[in-house]
Each structure stands twice: as C-alpha cells, then as structure tokens.
Amino acid sequence: MIGRASCAVGLALALLLSSCNLPGTPAPSASTSPANTSRVSHLQLSEAEDAQTLDPALINDPTSLAIGAELYQGLTRLDATVRPVPALAQSWEIADAGRLYTFHLRAAKYQSGAIVQAQDALTAWNRALAPETASPLTTFFAPLGARYPGDPISGVQVVDPKTLVVRLPQPDSSLLTRLALPPYWLDDPGLNGAVSSGSGPYHLDKWDRGHGQQLSAFSDYWGPRPQIRKVDIEIEPDSTKRLDRYTSGAVDIAHGFTGPQLLAFARDPQRLSQLHKVANTRTTFLGFNTIAGSGYGPPERMAIAQAIDRGRLTDLALFGSMLAAPATDLIPPGVAGHLDRPLTAFDPVAARTALDQAGFAAQIGLYFSTNSTVGRVAGDLQDQISSATGRTVNLHPTGDFFNEAALDQLPVFIDTWSADFPYASDVLDNLLASNAQFNNLRLSDPRIDAALGTAKAATTWDDAIKAYQQAEAIALADHRLIPLYSGVEPYLVRAGLNVPFSGGSLAYRWEDVR
C-alpha cells in the first residue's frame, strides 16, 4: 500500500512539473489547439493498421470504419453530439407509434456517376444479409426483424426513386443511429460489389495494401465542398516509428500510442496542446452479481463506491489518465445519452464507518479478466478499498471470466462494455435489461425494464434519451454497479490544425478539418 501511495504522489508531481494539466473528461472538440494559421488542403495521416476491407457490408474494424465513413453514406449521419441528422435522406417522418419511417432521399450521386435511388438501400441491405456475403454485421438489422444471414427484410418498401418506407415489427428508437453506420451504407449497386463506389465526400484513388491509401475529394459530392482536397494515409505498425514520423512533421494526425509514450510526449509543455483525448464507446465498471453477491446490500455497495477515488485509479492504472477518463456515468461520453452525473464521491471515512456499522465481513473477493490493463486496475482498487475500509481485498484473476460471470459465479467483478454503435440502448439494453445476454449483474428490476421499454418506443430523440437516462439512474442509485472509467483514444494533431473531434464510433471527419 505504501508503494502504491508513493507512486501516486510521484506521478502527480511529475505531471505538475511538466505542466501536464490534462482534462479528466475528454473534450468534444479540439478547442485547446492554436488557431489555424493556414488553409490546409492536403492531410497526411498515420495509422497503426491498414483497413481490412472497404466493403460496407463487411466493415468491422476501426481503420476501415474511419475510411469507409468518408467513402460511403447512409440515410442518416451522426453530428458532433452523436445525434442522427439527414444524410442521403434529406428528411423523414415517423408514424404508427414509432413503427413506420418514411424517408425522402436527396439528389445525390455515387462516385461512379450513377444517381442514388431508394431501391439502392433495399439492394444494399439484402446483399449484407445474403449468406454468400458472410457479413459479420447482420445483427445490426435487428430493428428490421432480421438478425442472421439469409433472414429476409419484409418491411422495406420502395415507393418511388426518392421515397423509402421502412415498417418495423416493433418500435426501435436506435434505428436512426444505426442507419448512419455500416452495414446500412449505400454504394452503387450497378457495380455489383466488384468495385466500391459510394456517395461520400472522398473517393479512393489508390490502395497499396499494407502500406497506405491515397484519396481525393469527390467533385460531385452533394454536400459542402471539403477544404481538404487530398488525404494520404500511411500504415506504420511500429508505434515508435509512427511517433517519430509525427514529431518530425511528416504527418499531420497520428494515434495508437502507448501510455508511456503519451506521458513522455505530454511532459513537453509546447506539445501538450497537440494531444487530444477523444471519447470512445467503452466503459468499465464494478458490478455486484445479485446471486453470488447477495451478501452485498445497498449499504455495503455504497460504502465500496465511497472507497474508490476514480481520478487516482485512472492516473495510476492508465498512465496519467492518458487512456481513460474518470467515469461520470455508465454511458461513456462517446455515446449518446451520457450525463455528467454526480456519482458517489470518494469518502474513505464514511466507507469504513458504514461497513463497521453493517458488521460486514473482513474480506472482499474481486474478480476480473486476465487482461493486463484490468489487472492494473484491480491492483489499485485492491489498495484503495482495503486502505479505505480496513478490509482485506483478495484478487481473483479469472481466465474463464466471461463464462463464469454469465453463470453467476462472480460476486464482485470488474467488467467492460464497448458499444457497437454510439446510442444508449447499446449499453443499457445489454447491461441492465432483465434476461439480457450480457446482464452479468443478473439484475431484474421492473422499473428499469419499463424505462428501457419507453425509450425504445419513443418517437422523438429527446424522449428516448430521457427515458434511457431514467433507467440508468435507477441502477446507479442502488449502486448495483459502480462506473469506474470511460475509454479515450488519444490523437496527436500538429500545431495550427483544427480538428473538431466528436468521439463515439468516428472520432472526426476529414471534411471538417481546418
């Protein structure tokens, strides 16, 4: 315990001496960057991994998603607040209590020159569901009543070339968010998947697999003309070489660095403004299983929450909070529905007093996966909780963690959830709904289920988000789970370049860079 406390003081002093005053919560934009001094038209990026595919029916990795989002579009897109707004559909109406969507497509062209038509959506979605396509994304069609390869889509009707009607088996407020992501992106069906041709602001000029891509602005793009006219992406798996490329001025934006690399980089005050921590869709929490952890009642759970200093946790276990931010909600900042909630504050005196008054046993077992990051987190939690409460905390690294959690064998555990799409339902429906596959808490609360049902059936964005937040508030008030930290993805951006980061599934868009 003394060693860990010394580390905390040493790290805090090092950060202070280096003027490394990093925010605890990821900022939604690059507001700390110096003002743009020139009108950049050519962007040079460095990535750790090449895109695995640029087929919108198959895209399932971060690099492919980032590039694909510039080549393709869906009926909607996500704005800086991760809210769905018009894209290929310029407007829509929702009727029949959230079951009927009527989309009106805008005048847009594919990069092949073909005109975007309503039939293209049905063609693209059927292709993604076709068994021969072997898409890993078929579950994204769940709102349409299809989940598995070969499942038919029966509720989509092409009224005319610019009008598409989608009838859902039941209301699902996540639809508009899903439509902004693959596999809902459209490309020219006349090419039959042989050559991809989207309607996005950029088209692919060259792809040297394993080495990089070259892209340029699409001259017939329906939206505003991007200031960035050319984008070059180099692939450099070695993070040391990638950092050298960035610091030498060879690239404008780079990411995928280790915590120690970022700490060293941030110790130079002149470089600090070039470091941007962008919220992603990952959240880590401490959970209490209602069966195996039945001995932890509300007072005990609250006491353990009071024994945790989230800021210290991310500083020590996640390299000065370079790879995560202290949680202010179960829903991470990169997911729509996030709130900066006043979570239970660190209060070690109250924690020990509460456990003493409850006559709580002297030992706490903490279970977690064998992931190295989670191991560091568990080690600091062990020190924090034992120091605050006077109880012995026994660590149980578990190789078969997910199976044992699903079988209700873990009383108190550290768990992480990464949302596939940045909407509250992907977090809460999976973690809190009764009988949900990933509800490792084995939580069953009719109040939560009712709020989740209201959110799913809502016909307006605000009503849906409000109901999801109400469902989460119930679980947090009971301390059935304790949010620990939210994931961030650090980006390095050269001085003078303004990148309006938004976070979520897509950190930023090239056309927004100034």
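This one's a predicted model, so the numbers in the text were calculated from it and none came from an experiment.

Analysis parameters
- Residues numbered from 1 in each chain as written.
- Predicted model: local features only at pLDDT ≥ 70, side-chain atom pairs only at ≥ 80, totals over all residues.
- Heavy atoms only, no water.
- Axes fitted to C-alpha atoms, helices over the stretch in contact; angles between N-to-C directions.
- Helix = DSSP H or I, 4+ residues; strand = E, 2+ residues; numbered from the N terminus.
- Parallel < 35°, antiparallel > 145°, perpendicular 65-115°, else oblique.
- Left-handed = near helix turned anticlockwise from the far one by under 90°.
- Contact = heavy atoms within 4.5 Å.
- Nonpolar A, V, L, I, M, F, W, Y, C, P; charged D, E, K, R; others polar.
- Buried < 20%, exposed > 50% of the residue type's maximum accessible area, 1.4 Å probe, protein only.
- Salt bridge = Lys/Arg side-chain N within 4 Å of Asp/Glu carboxyl O.
- Pairing = 2+ DSSP bridges.
- Core = buried A, V, L, I, M, F, W, Y, C linked by side-chain atoms within 4.5 Å.
- pLDDT = per-residue confidence, 0-100.
- Polar contact = N/O pair within 3.5 Å; in protein donor to acceptor, adjacent residues only side chain to side chain.

Novice: When you look at the packing of helix 8 (residues 310-317) against helix 10 (residues 372-389) in this model, what are you seeing that I'm missing?
Specialist: For any two helices packed against each other, one specifies the inter-axial angle together with the distance between the axes. Relative orientation of the contacting elements helix 8 and helix 10 amounts to 135°, with a least axis distance of 9 Å. The angle between the axes of helix 8 and helix 10 places the two elements in the oblique class. Viewed along their axes, helix 8 and helix 10 form a crossing whose handedness is right-handed. Where helix 8 abuts helix 10, its residues Arg312, Leu313, Leu316 and Ala317 lie against Arg376, Val377, Asp380, Leu381, Asp383 and Gln384. Grouping the constituent residues of the contact of helix 8 with helix 10 by class yields five nonpolar, one polar and four charged.

Novice: I tried to follow helix 12 (residues 424-431) on my own but got confused; where do I start?
Specialist: Note on helix geometry: an α-helix contains 3.6 residues per turn, so any two residues three or four positions apart are oriented the same way. The element helix 12 is largely enclosed, with a buried count of six among its eight residues. Residues of helix 12 that are buried in the fold lie against strand 12 (275-288), strand 16 (412-418), helix 13 (446-457) and helix 14 (461-477).

Novice: Explanation requested: the environment of isoleucine 448 in the structure shown.
Specialist: Summarising the element assignment, isoleucine 448 is placed in helix 13. Sequence separation between isoleucine 448 and aspartate 408 is 40 residues; the distance between their C-alpha atoms is 20 Å. Not counting chain neighbours up to four residues away, the residues in contact with isoleucine 448 comprise Leu432, Leu443, Ala471, Ile474 and Ala475.

Novice: Could you clarify how one ought to interpret the pattern of salt bridges in this entry?
Specialist: It is possible for side chains bearing opposite charge to pair when their charged atoms get close. By the definition in use, this model includes 14 salt bridges. Ionic pairing is found between arginine 391 and aspartate 356, a salt bridge with its closest N-O pair at 2.8 Å. Of this pair, arginine 391 sits in the loop between helix 10 and strand 15 (392-397) while aspartate 356 sits in helix 9 (residues 348-358); the two residues are 35 residues apart in sequence, bridging distant segments of the chain. The buried category is assigned to arginine 391, whose relative accessible area is 10%. We classify aspartate 356 as partly exposed; its relative accessible area is 47%.

Novice: Teacher, can you tell me more about the sheet that holds strand 7 (residues 163-167) here?
Specialist: Working definition: the strands of a sheet are paired by backbone hydrogen bonds and lie parallel or antiparallel to each other. Within the open sheet, the four strands sit side by side as 4-5-7-6. Their pairing is antiparallel. In this open sheet, the two strands that pair with only one neighbour each are strand 4 (89-95) and strand 6 (156-160). Pairs of neighbouring strands in the sheet enclose a mean axial angle of 20°, with direction left out of account. The strands touched by helix 3 (residues 118-129) within the sheet are strand 5 (100-105), strand 6 and strand 7, with strand 6 carrying the most contacts at an inclination of about 160°.

Novice: Teacher, can you tell me more about the nonpolar core here?
Specialist: The nonpolar side chains of a soluble globular protein tend to be buried, and buried together. Phe103, Trp125 and Leu144 are the most contacted members of the largest nonpolar core, which totals 74 residues. Broken down by element, this core gets its largest block of residues, eight residues, from helix 14. Counting 31 residues, the second-largest nonpolar core is a separate cluster that includes Ala51, Ala69, Tyr202 and Val278.

Novice: I tried to follow the confidence of the model for the protein chain on my own but got confused; where do I start?
Specialist: If pLDDT is low for a region, its predicted coordinates should not be looked at in detail. Of all residues in the protein chain, 92% have pLDDT values of 70 or greater, and the mean over the chain is 92. Low pLDDT, under 50, characterises residues 1-38; the stretch is placed with 65 contacts to residues that sit more than four places away or in other chains.

Novice: In this structure, what is going on with the pairing of strand 16? I would like to understand it.
Specialist: Strand residues, when the strand is regular, have side chains that alternate between the two faces of the sheet. For strand 16, the tally of buried residues reaches five of seven residues, placing the bulk of the element in the interior. With seven bridges connecting them, strand 12 and strand 16 associate as antiparallel partners. By the bridge assignment for strand 16, phenylalanine 285 is matched with aspartate 415.

Novice: Would you mind going over the side chain of threonine 344 with me for this structure?
Specialist: By secondary structure assignment, the location of threonine 344 is in the loop between strand 13 (324-326) and helix 9. Residue classification places threonine 344 among the buried positions, given a relative accessible area of 18%. There is a polar contact of 2.6 Å between the side chain of threonine 344 and the side chain of histidine 479. Beyond its immediate stretch of four places on either side in the chain, threonine 344 contacts Met302, Ala305, Gln306, Arg310 and His479.

Novice: What's the story with unusual backbone geometry in this structure? I'm lost.
Specialist: Peptide bonds are mostly trans, and most non-glycine residues show a negative phi. For the peptide bond that leads from proline 182 to proline 183, omega is 10°, which places it in the cis range. In this structure, proline 183 sits in the loop between helix 4 (175-178) and strand 8 (202-208). One non-glycine residue, serine 321, adopts positive backbone phi at about 60°. Inspection of the secondary structure puts serine 321 in the loop between helix 8 and strand 13. A residue is classified by how much of its surface remains accessible, and serine 321, at 7% relative accessible area, is buried. With a phi close to 55°, arginine 442 is a non-glycine residue in the positive phi region. Residue classification places arginine 442 among the partly exposed positions, given a relative accessible area of 27%.

Novice: What is the right way to read the pairing of strand 17 (residues 481-493) from this model?
Specialist: For strand 17, the tally of buried residues reaches twelve of 13 residues, placing the bulk of the element in the interior. With ten bridges connecting them, strand 12 and strand 17 associate as antiparallel partners. Within strand 17, the residue paired with leucine 286 across the bridge is isoleucine 482. Sheet topology places strand 13 next to strand 17; three bridges connect them, and they run antiparallel. Its bridge partner lying in strand 17, proline 326 is registered against tyrosine 485.

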